[in-house]
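For reference, the chains in residue letters:
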Amino acid sequence: MAKGEIIAGFLAPHPPHLVYGENPPQNEPRSQGGWEPLRWAYERARKSLEDLRPDVLLVHSPHWITQQGHHFLAVPKLSGKSVDPIFPNIFRYTFGLDVDVELAEACAAEGARLGLTTKLMRNPNFRVDYGTITTLHMMRPQWDIPVVGLSANNSPYYLTTEQGLEEMDLLGRATRAAIEATGRRAVLLASNTLCHYHFHEEPDPPEDMSKEHPENMAGYQWDMRIIDLLRRGRVKETFEILPRFIDEAFAEVKSGAFTWMFAAMGYPELAGELHGYGTVIGTGNAVMEWNLVRAGLARAA
Ligand SMILES: [Fe+2]
């Protein structure tokens, strides 16, 4: 078996509004559209993903929160209805997905080897969180590529941000080792919003784009600073200022997906491709790609 490798990573945030705006058959509520620039950004990301032809998509979601350790979806087929507890009016999504259980088991074993508490989620009736579902739908609405879902352990919230993110760094390294050992060609999805200050009242209808803009100027400026660094491939510098970004912009990257993804890729000083940026209820969302095949760091399909 050839050694597996990570072929790309995407920053792929999960506002359920993007699914709502698209009106796919899986989602019950109907909209008049909305958030088009972000949805078109995802269209570009979908095209790249199509060309990459991965064996598996791994997604780390802030909304599958586990208090004890890092959990991995490990049921071969999961289906059901995923409802956003904050926005049940816009997201009631009927999902069905295939899990790469062998890779999930390898991730859990490698994580444990590096000293993390890990657990496989074997409950066949488990309802997958809306963050995982939204990111996967926006990246690959056909649902024809197996996935591994990773929970967000709450360590950055119980410990310091730095200590919590150290755990995510270990989780990333474990993920990489598992991908290499199982021979997979894998794409990583970090399901994180950037600045997370948001409005507290919803317009009627929710897709009234005349009400959509950054919640505050400082948060927007932080997002542009981070995106600018990432577009220029200044990854080390980004991680140096990440704790300040998290504190001052209430950034959702605190929950770990962004660190997990970069740790797994080995923090390449590689220019990310910005597919698009937009706000959702005032929060900042960037769809970005680090294509390791195009950069010559991974083999083409
Ligand atoms: Fe979120």
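A quick note: this is a predicted structure, and the numbers were derived from the prediction, not measured.

Asker: Even after reading the chapter, I still don't get the coordination of the iron ion, so can you show me in this structure?
Answerer: Distances from the iron ion to its protein donors, namely His-14 (NE2), His-63 (NE2) and Glu-252 (OE), fall within the range 2.0 to 2.1 Å. When its relative accessible area of 6% is taken as the criterion, Glu-252 is described as buried.

Asker: Hey, could you run me through unusual backbone geometry in this one?
Answerer: A negative phi angle characterises most non-glycine residues, just as the trans form characterises most peptide bonds. The omega torsion of the bond from Asp-204 to Pro-205 falls at 0 degrees, within 30 degrees of zero and hence cis. Mapped onto the elements of the fold, Pro-205 is located in the loop between strand S8 (185–190) and helix H7 (217–231). Non-glycine residue Asn-23 carries a positive phi angle of around 60 degrees. Take Asn-23: it is sitting in the loop between helix H1 (16–22) and helix H2 (36–52). One non-glycine residue, Arg-53, lies in the positive phi region at around 50 degrees. Note on placement: Arg-53 falls in the loop between H2 and strand S2 (56–66). Accessibility expressed as a relative area gives 57% for Arg-53, which makes it exposed.

Asker: Before we go on, may I ask you to explain helix H4 (residues 130–139) in this structure?
Answerer: Quick reminder: α-helices carry 3.6 residues per turn. Residues three or four places apart thus point the same way. The buried count for H4 comes to ten of ten residues, which makes it a mostly enclosed element. If you check which residues of H4 are buried, you get Tyr-130, Gly-131, Thr-132, Ile-133, Thr-134, Thr-135, Leu-136, His-137, Met-138 and Met-139. Where H4 begins, one side-chain oxygen reaches toward the backbone nitrogen of Gly-131, 2.9 Å away; that side chain belongs to Asp-129.

Asker: Sorry, what's going on with the packing of helix H6 (residues 161–182) against helix H8 (residues 235–249) here?
Answerer: Packed helices, taken two at a time, are described by their axes: the angle between them and the distance between them. Interhelical geometry of H6 versus H8 gives an angle of 120 degrees and a closest axis separation of 11 Å. Taken together, H6 and H8 sit at an angle that is classed as oblique. Seen along the crossing, H6 lies across H8 with a hand that is right-handed. Contact with H6, carried on its side by Thr-161, Glu-162 and Leu-165, involves Leu-242, Pro-243, Ile-246 and Asp-247 of H8 and no other residues of that element. A class-by-class count of the residues in the contact of H6 with H8 yields four nonpolar, one polar and two charged.

So, how was this worked out
Residues numbered from 1 in each chain as written. Predicted model: local features only at pLDDT ≥ 70, side-chain atom pairs only at ≥ 80, totals over all residues. Heavy atoms only, no water. Donors = N, O, S within 2.8 Å, 3.2 Å for Na, K, Ca; no water. Buried < 20%, exposed > 50% of the residue type's maximum accessible area, 1.4 Å probe, protein only. Helix = DSSP H or I, 4+ residues; strand = E, 2+ residues; numbered from the N terminus. Polar contact = N/O pair within 3.5 Å; in protein donor to acceptor, adjacent residues only side chain to side chain. Axes fitted to C-alpha atoms, helices over the stretch in contact; angles between N-to-C directions. Parallel < 35°, antiparallel > 145°, perpendicular 65-115°, else oblique. Left-handed = near helix turned anticlockwise from the far one by under 90°. Contact = heavy atoms within 4.5 Å. Nonpolar A, V, L, I, M, F, W, Y, C, P; charged D, E, K, R; others polar.

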